[in-house]
Amino acid sequence: MSSPDVITLNVGGMKFSTLTSTLLRFPESKLVHMLDGSDQDFRIINGQYFVDRDGTLFNYILDYLRTAQLTLPSDFSDYERLQREAEFYQLPSLAEQLGQDSFYRPRMEILEVRFLLQETHAFFRIFCSCNTTIEALADRIVMYIEQPVRAQGWSIPSALQKPLAPVPLQRPSHHDVVFQCGTDYSTGDQFGARYISIKPDQRKLLNGTNVLGLLLDVVLREGFRLVSTRAVAAEEKVECYTFERKKKPEVLIITESPKPEKYVVVQTKQIKNKKR
């Protein structure tokens, strides 16, 4: 047996169940007029309120009624249609804010890779205007350093003399990461080497040019577009690769304060006493 406090709506063929108090949260909305029977856009069919509107977009409208906030996924693009739905359901504050270009205008995310090749060394600095992107990329890059093993009276194969140990990358700020690869002198006459691996690729690369090629390929696969290549300091062979990517807001939260609870209670009492 269904409760009189639970309302079922059929919006364009999609069914939604919610509390009467949820629909009354914004008393000036069209859904309040639906409940008192004064809105002709709604029809009662098989005990359900039917309205010929977009059911997928109503899912966001109902979430807004429940929480007084609207949270949209990062790939959402139907801002104009959702604005029309907000106008139809007579939620003016929501419709007005959805109509502002600042909510849905794509933002440009800039990423820059600087590469310095110096004898047997290669140095990298990656900068990105979005710190979450640089953090995700830094999590995929692992730098390994050779750890020499000293022989104690017997010969050890060269492959076993230099095990690799991962070391953290340098993070000068929240927006960039620095690392290097190639061979280097350590203490005494022993050689040390730094290798780079970029997940999910399992290879440990020593050559800086190979690391650069893999890194640029990873950036392009993430949806970035190469916009320029330039030499920052020709005498030091510093190359700079600049990429950009359109980035929409990950979430859009709009807050509107509902009318006082006292007014809502009065309206609920009137609707319960009304016979259909």
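Residues numbered from 1 in each chain as written. Predicted model: local features only at pLDDT ≥ 70, side-chain atom pairs only at ≥ 80, totals over all residues. Heavy atoms only, no water.

K.L.:
Would you mind showing me how to read the pattern of salt bridges here?
P.N.:
Close approach of charged atoms allows side chains with opposite charge to pair. Per the stated rule, a full pass over the model turns up 14 salt bridges. Between Glu244 and Arg225 there is a salt bridge, with the nearest N and O atoms lying 2.3 Å from each other. One end of the pair, Glu244, is in strand E13 (residues 238–247); the other, Arg225, is in strand E12 (residues 225–233), with 19 residues separating them in the sequence. When its relative accessible area of 18% is taken as the criterion, Glu244 is described as buried. The structure contains a network of salt bridges with shared partners spanning Glu112, Arg114, Arg125, Asp176 and Arg230. (Salt bridge = Lys/Arg side-chain N within 4 Å of Asp/Glu carboxyl O. Helix = DSSP H or I, 4+ residues; strand = E, 2+ residues; numbered from the N terminus. Buried < 20%, exposed > 50% of the residue type's maximum accessible area, 1.4 Å probe, protein only.)

K.L.:
Can you help me understand the pairing of strand E1 (residues 6–11) in this one?
P.N.:
Regular strands show a simple pattern: their side chains alternate between the two faces of the sheet. Pairing analysis gives 6 bridges linking E1 to strand E2 (residues 14–19), with the strands arranged antiparallel. Counterpart to Leu9 in the pairing with E2 is Phe16. As consecutive antiparallel partners, E1 and E2 are separated by 2 residues, and within that stretch Gly12 has a phi angle of approximately 60°, a positive value. Relative to strand E4 (residues 48–51), E1 is paired through 3 bridges, and the arrangement is parallel. Directly across from Leu9, in E4, lies its bridge partner Tyr49. (Pairing = 2+ DSSP bridges.)

K.L.:
Looking at this structure, how should I read the sheet that holds E4?
P.N.:
Pairing between the strands of a sheet is mediated by backbone hydrogen bonds and can be parallel or antiparallel. Within the open sheet, the 4 strands sit side by side as E2-E1-E4-E3. Their pairing is mixed. For this open sheet the edge positions go to E2 and strand E3 (43–45), each flanked by a neighbour on one side alone. Mean inter-strand twist for the sheet, computed between neighbouring axes without regard to direction, equals 35°. Packed on one face of the sheet, helix H3 (residues 55–67) meets E1 and E2 and runs near 10° to E2. (Axes fitted to C-alpha atoms, helices over the stretch in contact; angles between N-to-C directions. Contact = heavy atoms within 4.5 Å.)

K.L.:
How should helix H4 (residues 79–88) be read in this particular structure?
P.N.:
In an α-helix there are 3.6 residues to a turn, and that puts residues three or four apart on one side. Tyr79, Leu82, Glu85, Ala86 and Phe88 are the residues of H4 that are buried. Directly beyond the C-terminal end of H4, a positive phi value near 60° is found at Gln90.

K.L.:
Help me out: how do you make sense of the packing of aromatic side chains in this one?
P.N.:
Centre distance and the angle of the planes are the two values used to describe a pair of aromatic rings. Tallying each qualifying case throughout the model produces 6 aromatic pairs. Taken together, a centroid distance of 5.4 Å and an interplanar angle of 5° make the contact between Phe26 and Tyr64 stacked. Here Phe26, found in the loop between helix H1 (20–23) and helix H2 (30–35), pairs with Tyr64, found in helix H3; they are 38 residues apart in sequence, far enough to count as distant. Summarising the burial analysis for this pair, Phe26 and Tyr64 share the class buried. Among the aromatic residues, those joined into a ring-pair cluster are Phe16, Phe58, Phe88 and Tyr89. Looking at Lys30, its charged tip hangs above the ring of Phe88, at a distance of 4.9 Å from the centre. One cation-aromatic arrangement involves Arg53 over Phe88; the distance from NZ or CZ to the ring centre is 4.0 Å. (Phe/Tyr/Trp six-rings, centres within 6.5 Å; stacked < 30°, edge-to-face > 60°. Lys NZ or Arg CZ within 6 Å of the ring centre and 35° of its normal.)

K.L.:
Which parts of the structure should I look at to understand the pairing of strand E7 (residues 141–146)?
P.N.:
Counting buried positions over the 6 residues of E7 gives 5, a clear majority of the element. Pairing between E7 and strand E8 (residues 164–167): 4 bridges, direction antiparallel. Bridging from a neighbouring strand, Glu146 pairs with Leu164 of E8.

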